[in-house]
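Spelled out, the chains give:
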Amino acid sequence: MGRKQKLRQERKIKNKNQTSAVVVTTTAEATVEAASEGRLPEAAMTALVEELDDMFPKSDECVQATMDTQIINGNEYYKLNNIEQYVLVKQGAIEHGCVHSMLIIDTTLRKRSTTTEGHYNHMYIHLALPWLLEGAIRGSVRCIMILIGEYYLDRAEPNRNADVLIDYWGKILNNTDTRLPNLSHNLAALSVLKHRLGRTCIICSKTDTKILTLKQCIGCSFYCYCSETCQITHWEEHNHRGECKQLRILNKYHKPYAKAIRDAAIRGDIHPALEKLQYKLGLTRPLEDYQELIDYNTHDGKLINPKDYVVAREDGTVWVGSIPSSPIGTS
Ligand SMILES: [Zn+2]
Ligand SMILES: [Zn+2]
C-alpha cells in the first residue's frame, strides 16, 4: 500500500471512530458576537438574522440531518454524528444550493476531531471556507457573519489581512437589511481600519507630511503606502495581492447581482450570475487542484497553517473549491 493510500485509510478509520455529534446551537455564537454591537438588542438581532435566513428553502437532506436530537448530560445533541450529518448536508448543498446545509458543513468540519463541544478546530477551516463563501454569495446573513467573525477577523494574526473583504461583506450585510449591524463601522477600532481612516502606511505607520503623500492601493483604494517597498511587502508577504484580486472579482461579478442572486436562491432558483461568480472565485475548480489540501492538510508535501488558506490565492481565487466543474462555469 502506498504512503498516500495508507494515510487516507488511517484518516478514514480516525473519522469512523469519532462519535461526537454537534450541539444544536450550531452557529449562534459567531452570529451573536458579530451582531453584538449592532443597533438592535442582541435577542432582536438574533431573531432578525434567523428570520432573514429562514427565507431560504431548506433541503430534505438538511431537515433529515438535524431532525433527531437527544439530551446527554443536560446538553442537546444531534443523534447523527458529524460524519453522518456531513454526508447528508453536503448533498443538500451541492444538489439544492441549500444555505442551511452550507452552515452545517462549516460547523461539522470545524468541530471535527474536537473533544470539547463548542470549541472550534482550526485544522479544517480552509475546507469549510468555500462553503461559507457559497452561502455568502447567495445572501445568507449567517454565512456572511461567520465568514467575517470566524475567518477574516483574526485578531490573533494581524498580519494576515482580510480587512478589505471584511469591509466588502459588511456592506453587503447592510444592503441586505439596514437593521443589520454596520460591521465596517463597528470594526473601525481595528488597527488596520484605523490605518485606513487615519491615512497611515499599513506597513510602517508613516503618515502624510509636507514632503510625503501616501499613495492608496490602486486596486482597492483601501490601504495606504508610503513607498513602493512597503507596498511590495504588503502585496507579497501579507498576501494583499490575493485579497485585492478577490475584492475585484466580488465587485465585478457579485455586487451588481447580489440582490438578484439572493432573490433567486430564496425562490429555489439559480441566477445565471451565480454560476459565473462561482467560476470566477475558483469555487468550481477541479478537485485534483486541491486534493492534497483536503487529504493531508499539506501543500506541495509541506504541512500547512490552515489560516494561510482562507483568504485567496494570488489570482484572487479560493485555495479549496466547493462544487468542482460546474457545467456552465466555463466562460
Ligand atoms: Zn511605509
Ligand atoms: Zn488593494
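Above this note sits the structure.
Every value quoted in this text rests on a predicted model; they were computed, and no experiment measured them.

### Examining the overall build of the protein chain
Looking only at helices and strands, one finds 16 helices and 6 strands in the protein chain. Counting only contacts in the protein chain whose residues sit at least 6 apart along the sequence, the fraction spanning at least 24 positions is 67%. Just so you have it, the protein chain exposes about 16,300 Å², and 52% of that area is on carbon and sulfur atoms.

### A closer look at unusual backbone geometry
Backbone phi values are negative for most residues with the exception of glycine, while trans is the configuration of most peptide bonds. In this structure, Asn-239 is a non-glycine residue whose phi angle is positive, near 50°. As for its position among the elements, Asn-239 is in the loop between helix 12 (228-236) and helix 13 (240-253). Owing to a relative accessible area of 21%, Asn-239 belongs among the partly exposed residues under this scheme.

### Some thoughts on the pairing of strand 2 (residues 75-78)
Pairing between strand 1 (residues 69-72) and strand 2: 4 bridges, direction antiparallel. Looking across to strand 2, one finds that Ile-71 is bridged to Glu-76. Between strand 1 and strand 2, which pair antiparallel one after the other, the connecting turn spans 2 residues, and Asn-73 there sits at a positive phi close to 50°.

### Thoughts on the coordination of the zinc ion (ligand 1)
For the zinc ion (ligand 1), every protein donor is listed as Cys-201 (SG), Cys-204 (SG), Cys-226 (SG) and Cys-230 (SG), and the spread of their distances is 2.3 to 2.4 Å. Mapped onto the sequence, the donors of the zinc ion (ligand 1) take the spacing C-x2-C-x21-C-x3-C. Residue Cys-201 is found in the loop between helix 11 (191-197) and strand 3 (215-216), and its partner Cys-230 is found in helix 12; the two are separated by 29 residues along the sequence. For Cys-230, a relative accessible area of 10% translates into the label buried.

### Re the nonpolar core
A general feature of soluble globular proteins is that nonpolar side chains tend to end up buried together. Counting 76 residues, the largest nonpolar core has Tyr-151, Tyr-152, Trp-169 and Leu-180 as the members making the most contacts within it. In contact with Trp-169, not counting residues within four places along its chain, are Leu-133, Ala-136, Ile-137, Ile-144, Leu-147, Ile-148, Tyr-152, Leu-250 and His-254. By size, the runner-up hydrophobic cluster in this structure holds 5 residues, among which are Cys-201, Cys-224, Cys-226 and Cys-230.

### Quick notes on the coordination of the zinc ion (ligand 2)
At 2.0 to 2.4 Å from the zinc ion (ligand 2) lie its protein donor atoms, namely Cys-217 (SG), Cys-220 (SG), His-240 (NE2) and Cys-244 (SG). If you look at the zinc ion (ligand 2), its 4 donor atoms make angles of 102 to 118° with each other, and the shape they trace is tetrahedral. Spacing between the donor residues of the zinc ion (ligand 2) along their common chain follows C-x2-C-x19-H-x3-C. In this pair, Cys-217 sits in the loop between strand 3 and strand 4 (224-225) while Cys-244 sits in helix 13, placing the two residues 27 residues apart along the sequence. Taken as a pair, Cys-217 and Cys-244 share a single burial class, namely buried.

### Brief notes about the environment of Asn-251
The residue Asn-251 is located in helix 13 in this model. Classification of Asn-251 by relative accessible area gives partly exposed; the value is 31%. Spatially, the C-alpha atoms of Asn-251 and Tyr-168 are 8.5 Å apart, while their sequence positions differ by 83 residues.

Thresholds, definitions, all that
Residues numbered from 1 in each chain as written. Chains lettered and ligands numbered in written order. Predicted model: local features only at pLDDT ≥ 70, side-chain atom pairs only at ≥ 80, totals over all residues. Heavy atoms only, no water. Helix = DSSP H or I, 4+ residues; strand = E, 2+ residues; numbered from the N terminus. Contact = heavy atoms within 4.5 Å. Areas by Shrake-Rupley, 256 points an atom, 1.4 Å probe, with all protein chains shown as cover. Buried < 20%, exposed > 50% of the residue type's maximum accessible area, 1.4 Å probe, protein only. Pairing = 2+ DSSP bridges. Donors = N, O, S within 2.8 Å, 3.2 Å for Na, K, Ca; no water. Core = buried A, V, L, I, M, F, W, Y, C linked by side-chain atoms within 4.5 Å. Tetrahedral: all angles 85-135°; square planar, octahedral: opposite > 155°, others 65-115°.

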